[in-house]
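These are the residues of each chain, in order.
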Amino acid sequence: MKHLIALCTIVLCFALTAGAQEESKPVTLKGYVVDQMCAGKMAMKDNAMEKAEGHSKDCALDDHCAASGFGIFSGGKYYKFDEKGSATAKSLIEKSNREKALYFVAKGTLGDDTITLTSLKEATPPKPK
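Residue indices follow the written sequence of each chain, beginning from 1 at its first position. Local features in this predicted model are restricted to residues of pLDDT 70 or higher, and side-chain atom pairs are both shown and tallied only at a pLDDT of 80 or more, whereas totals for entire chains, interfaces and linings draw on every residue. Excluding hydrogens and water, the side-chain values take into account all heavy atoms of the structure.

1. What about the overall build of the chain?
- Secondary structure elements follow DSSP: runs of H or I of four or more residues count as helices, runs of E of two or more count as strands, with numbering from the N terminus. A count of helices and strands for the chain gives six helices and five strands.
- Buried residues are those whose accessible area, probed at 1.4 Å on protein chains only, stays under 20% of the maximum for their type, while exposed residues exceed 50% and partly exposed ones sit between those limits. Across the 129 residues of the chain, 34% fall into the buried class.
- Note on contacts: a residue pair qualifies if any of its non-hydrogen atoms lie within 4.5 Å across the two residues. When contacts within the chain are restricted to residue pairs at least 6 apart in sequence, long-range pairs at least 24 apart make up 68% of them.
- With the model as given, the accessible surface of the chain reaches about 8400 Å², and the carbon-plus-sulfur share is 57%. Note on areas: Shrake-Rupley, 1.4 Å probe, and residue coverage restricted to the protein chains presented here.

2. Digging into the side chain of S74
- If you trace the backbone, S74 turns up in strand β2 (residues 70-74).
- Of the polar contacts made by the side chain of S74, one reaches the backbone oxygen of K30; its length is 2.9 Å.
- Setting aside its immediate chain neighbours within four residues, S74 contacts L29, K30, M49 and Y79. Under this definition, polar contacts are N or O atom pairs within 3.5 Å; protein pairs additionally need one hydrogen-donor-capable and one acceptor-capable atom, and for neighbouring residues in sequence, both atoms have to be side-chain atoms.

3. Focus on the side chain of H55
- With respect to the element layout, H55 can be found in the loop between α3 (48-54) and α4 (57-61).
- Among all residues touching H55, those that are not within four sequence positions of it are V34, D35, C38, M42, A60, E99, K100 and A101.

4. Overview of the sheet that holds strand β4 (residues 103-111)
- For two strands to be treated as a pair, DSSP must find at least two bridges joining them. Here five strands make up a closed barrel; going around it, the order is β1-β2-β3-β5-β4 and the pairing mixed. Pairs of neighbouring strands in the sheet enclose a mean axial angle of 50°, with direction left out of account.
- A fitted line through C-alpha atoms serves as each axis, taken over the contacting stretch for helices, and the angle formed by two N-to-C directions is quoted from 0 to 180°. With respect to the sheet, helix α2 (residues 36-43) is in contact with β1 (25-35), β2 and β3 (77-81), its orientation differing from that of β1 by roughly 95°.

5. Concerning the nonpolar core
- To form a nonpolar core, buried Ala, Val, Leu, Ile, Met, Phe, Trp, Tyr and Cys residues must be joined to one another through side-chain atoms within 4.5 Å. Counting 18 residues, the largest nonpolar core has V33, F70, I72, F81, I93, I115 and L120 as the members making the most contacts within it.
- Where this core is concerned, the elements lending two or more residues are β1, β2, β3, α6 (83-95), β4 and β5 (114-122).
- When residues no more than four places from it in sequence are discounted, the contact partners of F81 are V33, Q36, F70, G71, I72, S86, A89, A106, T114, I115, L117 and L120.
- Counting 14 residues, the second-largest nonpolar core is a separate cluster that includes Y32, V34, A52 and V105.

6. Description of the packing of aromatic side chains
- When two rings of Phe, Tyr or Trp (its six-membered ring) have centres within 6.5 Å they constitute a pair, described as stacked for plane angles under 30 degrees, edge-to-face for angles over 60, and tilted for the intermediate range. All chains considered together, the criterion is met by two aromatic pairs.
- Here Y32 and Y103 contribute two aromatic rings whose centre-to-centre distance is 5.1 Å and whose plane-to-plane angle is 70°, an arrangement assigned as edge-to-face. Here the residue Y32 occupies a position in strand β1, and Y103 occupies one in strand β4, the gap between them amounting to 71 residues. In this structure, Y32 and Y103 share a single accessibility class: buried.

7. Here we look at the pairing of β4
- Here β1 runs beside β4; their pairing, made up of eight bridges, is antiparallel. Bridge pairing in β4 links P26 to T109.
- As defined by bridge partners, β4 adjoins β5 across eight bridges and the pair is classed as antiparallel. Among the inter-strand pairings, A106 is bridged to a residue of β5, identified as L120.

See below:
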């Protein structure tokens, strides 16, 4: 029995270590920056990217929405920014001349569904198809 417990412990430790190595990977994502409060509602829609494109600067900067943090919709999926990344996003949104279609390129490290940003730059949104 002791051997079985030891073996299970070793297997579990190996699985956790292997998973931790896979969790963080460098990424570059292009998409629409949206506050987490509104993103939760958008993510449940079939047209999440369209909703993200139409999300307004005023809403993103609303006190309640901005306090929830920010992230990016890319490829139909939402990725949260870390705390520092959310502060960077808020600052860039405040400076943006756009009222909607807050399109950015985010670079950083992805762990689970959270990005630790290394850079965030506003970009030209893609033309509608």
